[in-house]
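# Remarks on the overall topology
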Amino acid sequence: MSARSLLYEGKAKIIYTTDDPEVLLAHFKDDATAYNAQKRGSIIGKGEINCTISKVLFQQLENHQIQTHFIDCPAANEMRVRALQILPIEVVVRNIAAGSLCQQTGLSLGTVLKQPLVEFYYKNDQLGDPLLTRDRLLLMELATPKQVEQLQQTALRINTYLSNFFQTCGITLVDFKLEFGLDSQQQLLLADEISPDTCRLWNSSDTDPNSRVMDKDRFRRDLGNVENAYQQVLERVLAQTAASG
Ligand code: TMP
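Residues numbered from 1 in each chain as written. Predicted model: local features only at pLDDT ≥ 70, side-chain atom pairs only at ≥ 80, totals over all residues. Heavy atoms only, no water.

On to the packing of aromatic side chains. Counting across every chain of the model gives three aromatic pairs. Judged by centre distance (6.4 Å) and plane angle (10°), the ring pair of Y161 and F165 falls under stacked. Separated by four residues within a single helix, Y161 and F165 lie in helix 4 (residues 145-168), roughly one turn from each other. On the basis of relative accessibility, which here comes to 18%, the residue Y161 falls in the buried class. The structure contains a cluster of three or more aromatic residues connected by ring pairs, namely Y161, F165 and F166. Positioned above the aromatic ring of W202, the side-chain terminus of R212 is 3.6 Å from the ring centre. (Phe/Tyr/Trp six-rings, centres within 6.5 Å; stacked < 30°, edge-to-face > 60°. Helix = DSSP H or I, 4+ residues; strand = E, 2+ residues; numbered from the N terminus. Buried < 20%, exposed > 50% of the residue type's maximum accessible area, 1.4 Å probe, protein only. Lys NZ or Arg CZ within 6 Å of the ring centre and 35° of its normal.)

Below is the structure:
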């Protein structure tokens, strides 16, 4: 039995150290929060579902030359990952207007963007994760100009891959959030998770603004059937992965 000790407990995951200083263990929780943790609840089975979806997507991205922190999953809700220095930046990619983009610009929900929009947010709960301009990001030295360019390009490549993959699952990738970190060689790797907690996913064959939602907006907006929606995403992702060999 390897020694593990608690390093950090976040809203959706608990991170443990392991015997190897280069490796951490992420435990995915069923806990759900929204609106900067003002709304709290639980989505039964979410830990296992999000861990499994993230595993499959990280493996596919690795196969497409996108480096991630993923190592393996010793249990359905546990992922061994490379220890990284996580950048305090949330990188959001949007294909269709929803959420804060609609609230802050007046664009109507569902407007298809002419090209994907990449945004940077400051990962800081006390400040409410504010939207950053590129100049503010550089001013605060959250990343170097070269890293900002790499974040932008990598996020767009991930978007191209994931949009196509989800389309084959009958799911429209509306928007999503990514986190990145630096390894001991200062290489930028994709970190955190990719799951219905961090993506907006709409059932492509459904145009109803409520019933099409297959992601955490069901929890945020009290739409019900949250567990079913997460399970549906998992089943479609696994079926498509098996079909594509
Ligand atoms: P937003 O429209 O609320 O800015 O969210 C954009 C995307 O980022 C959406 O897919 C949800 C995801 N997201 C997170 O994963 N964590 C967060 O804390 C926030 C605010 C958004």
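Here we take up the pattern of salt bridges. Applying the stated rule across the entire model yields 17 salt bridges. Salt-bridge contacts for R80 lead to D72; the nearest nitrogen and oxygen are separated by 2.8 Å. D72 sits in the partly exposed class, given a relative accessible area of 29%. Salt-bridge contacts for D217 lead to R220; the nearest nitrogen and oxygen are separated by 2.6 Å. Of the two residues, D217 and R220 both sit in helix 5 (residues 217-220), three residues apart, roughly one turn of that helix. On the basis of relative accessibility, which here comes to 7%, the residue D217 falls in the buried class. Taking relative accessible area as the criterion, R220 reaches 21% and is therefore assigned partly exposed. Through salt bridges with shared partners, a single ionic network connects K13, K123, K177, E179, D192 and E193. (Salt bridge = Lys/Arg side-chain N within 4 Å of Asp/Glu carboxyl O.)

Looking now at the site of the ligand. Around the ligand sit 15 residues, and of these R94, S100, D175, K177 and R200 come closest. The contact in question runs from an oxygen atom of the ligand to an N or O atom on the side chain of S100, over 2.6 Å. Contacts to the ligand include R200, whose side-chain N or O atom sits 2.9 Å from an oxygen atom. When the ligand sits alone it has 450 Å² of accessible area, and the protein chains cover 77% of it. Within the residue set of the shell around the ligand, elements represented by two or more residues are strand 9 (89-96), helix 2 (99-105), strand 12 (171-182) and strand 14 (199-203). Its residues assigned to classes, the shell around the ligand shows five nonpolar, three polar and seven charged. (Near = heavy atom within 4 Å. Polar contact = N/O pair within 3.5 Å; in protein donor to acceptor, adjacent residues only side chain to side chain. Areas by Shrake-Rupley, 256 points an atom, 1.4 Å probe, with all protein chains shown as cover. Nonpolar A, V, L, I, M, F, W, Y, C, P; charged D, E, K, R; others polar.)

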